[in-house]
Amino acid sequence: MAIILKSRREIEAIRRSGQLAREVLERLGEMVRPGVTTGALDEAAHRMITQRGAYPSPLHYNGFPRSICTSINEVVCHGIPGDRELKEGDIVNIDVTTCLAGYHGDCSRTFPVGRVVDDARKLVEVTEECLRRGIRAVRPGDSIHVIGAAIQELADECGYGIVQEFCGHGIGRNFHEEPAVLHYRSDRSTARHKRVRSVIMKPGMVFTIEPMINAGHPGTRVLEDGWTAVTLDGSLSAQFEHTIAVTEAGFDILTALDGAY
C-alpha cells in the first residue's frame, strides 16, 4: 500500500478524531485506581466514544473483542479488557482509538496505579521521554528512520529493551496504513530496514509514534488468545503514543490537548 498524503481538511478531520480519543484517554486515566477492572474502563470508553457519535476503532478489528486495549505490567500491548482488577503498584497502558466522521485518531498512555516502585516509575517516565524524542525528530526531508534512532539513543542509555515486533503506522481513513514507523535504529541490511530508510517524511504524512519499552529483554510472545503480547522475561513494559502530522516546518501533534504532549 502506498503512503497516502493528507490534505489540510483531512488532517483537521484526523485531529478532531484524535482529540476525542485523547479526551477519552484522560478521563479513563482519572478512573485508574486499585480495584477498578479493565472491563469497567472498556465500558466507560465505549459509552463516551459512542455518545459523541464516533466508533471505537479496535472493536471487531480483525476480531478484537473490545473497544480499547488495556496492558498491565508485563503486557506489552493488545491486552483485552475483562474482569482483572487493577492493583496497587501496577502500571497499565490504555490505548484508545476512535473513528469519527470516517477518520481515525490513535493515542495511548501508561498510568501508575496508586504508589508504584521506583523502577516502574522510571520506566514510565523514560518511555514518555522516548516518545517526546521521537516526535522531536520528525521533520520534512529526513528519512523516517531518524525517529527510531532518537528513541533508541535514550533507551540504550537506560539499559531498556525496545520492542521490535510492533511499530507505529500511518493512519487516516484506515486504522493502519503505510508507513511503518520503527522505534529502533534501522541500520541493518534487511529488506524491512532498507524500506524504512527509503521513506522520506513529507508534509501531509500522518502516522503514530508509539514506543513500547521493556525494562528487560526486548523480546515478546503472544498468548493463546491471539492478541495479548507479553515480555519474554516477565519484565515490565510501558508505552506512550501520539498521532503526528508532518508539516512544512516540522510536526503537529494531532492527539495533543491544549498544545501539550
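Whatever comes next refers back to the structure up there.
Here goes a summary of the coordinates provided. Along each chain, numbering runs from 1 in the same order as the chain's sequence is written. Totals for whole chains, interfaces and linings use all residues, but because this is a predicted model, local features are given only for residues with pLDDT of at least 70 and pairs of side-chain atoms are given and counted only at 80 or more. Calculated side-chain values reflect all of the structure's heavy atoms, with hydrogen atoms and water omitted.

1. What to know about the environment of Arg-8
Quick note on the threshold: Runs of E in the DSSP output that reach at least two residues are strands. Runs of H or I that reach at least four are helices, and both are numbered from the N terminus.
Within the secondary structure, Arg-8 sits in helix H1 (residues 8-31). Distance from Arg-8 to Gly-204, taken between C-alpha atoms, is 7.7 Å for residues 196 residues apart in sequence.

2. Description of the sheet that holds strand S10 (residues 212-214)
Definition in use: Between any two strands, at least two bridges found by DSSP are needed for them to pair. Working rule for contacts: check all heavy atoms of both residues, and any pair within 4.5 Å makes them a contact. For helices, the fitted axis covers only the stretch in contact; all axes are lines through C-alpha atoms, and the angles between them, taken along N-to-C directions, range from 0 to 180 degrees.
Spatial strand order, S6-S10-S13: 3 strands in an open sheet with antiparallel pairing. The sheet terminates laterally at strand S6 (161-162) and strand S13 (237-239), the two strands that pair on one side only. One ladder, built from 2 bridges, connects S6 with S10; its direction is antiparallel. Within the sheet, the bridge partner assigned to Ile-162 lies in S10 and is Ile-213. Packing against the sheet, helix H3 (residues 118-136) makes contact with S10 and S13, and its axis sits at approximately 35 degrees to S13.

3. A word on the environment of Ile-200
With respect to the helices and strands, Ile-200 occurs in the loop between helix H5 (191-198) and strand S9 (206-209). Residues Ile-200 and Arg-139, 61 residues apart in the sequence, show an inter-C-alpha distance of 9.4 Å. Discounting chain neighbours no more than four positions away, the residues touching Ile-200 are Gly-141, Asp-142, Ser-143 and Met-205.

4. Brief notes about the environment of Ala-229
Mapped onto the elements of the fold, Ala-229 is located in strand S12 (residues 229-231). Separated by 153 residues in sequence, Ala-229 and Val-76 place their C-alpha atoms 5.4 Å apart. Other than its neighbours up to four places away in sequence, Ala-229 contacts Glu-74, Val-75, Val-76, Cys-77, Phe-166, Arg-221 and Val-222.

5. Quick notes on the pattern of salt bridges
For the record, the criterion: Each salt bridge in this description consists of a side-chain nitrogen of Lys or Arg and a carboxyl oxygen of Asp or Glu lying within 4 Å of one another. Exposed residues in this analysis have more than 50% of their type's maximum accessible area, buried residues have under 20%, and partly exposed residues fall in between, with area computed by a 1.4 Å probe over protein chains only.
Under the counting rule described, the total for this entry stands at 12 salt bridges. A salt bridge links Glu-177 to Lys-6, with the nearest nitrogen and oxygen atoms 3.0 Å apart. Highlighted residues: Glu-177 in strand S8 (residues 177-181) and Lys-6 in the segment before H1, separated in sequence by 171 residues. Classification of Glu-177 as buried rests on a relative accessible area of 6%. For Lys-6, a relative accessible area of 8% puts it in the buried group. Linking Glu-129 and Arg-132 is a salt bridge whose minimum nitrogen-to-oxygen distance equals 3.3 Å. Of the two residues, Glu-129 and Arg-132 both sit in helix H3, 3 residues apart, roughly one turn of that helix. Connected through salt bridges with shared partners, the residues Glu-128, Glu-129, Arg-132, Arg-133 and Arg-136 form a single ionic network.

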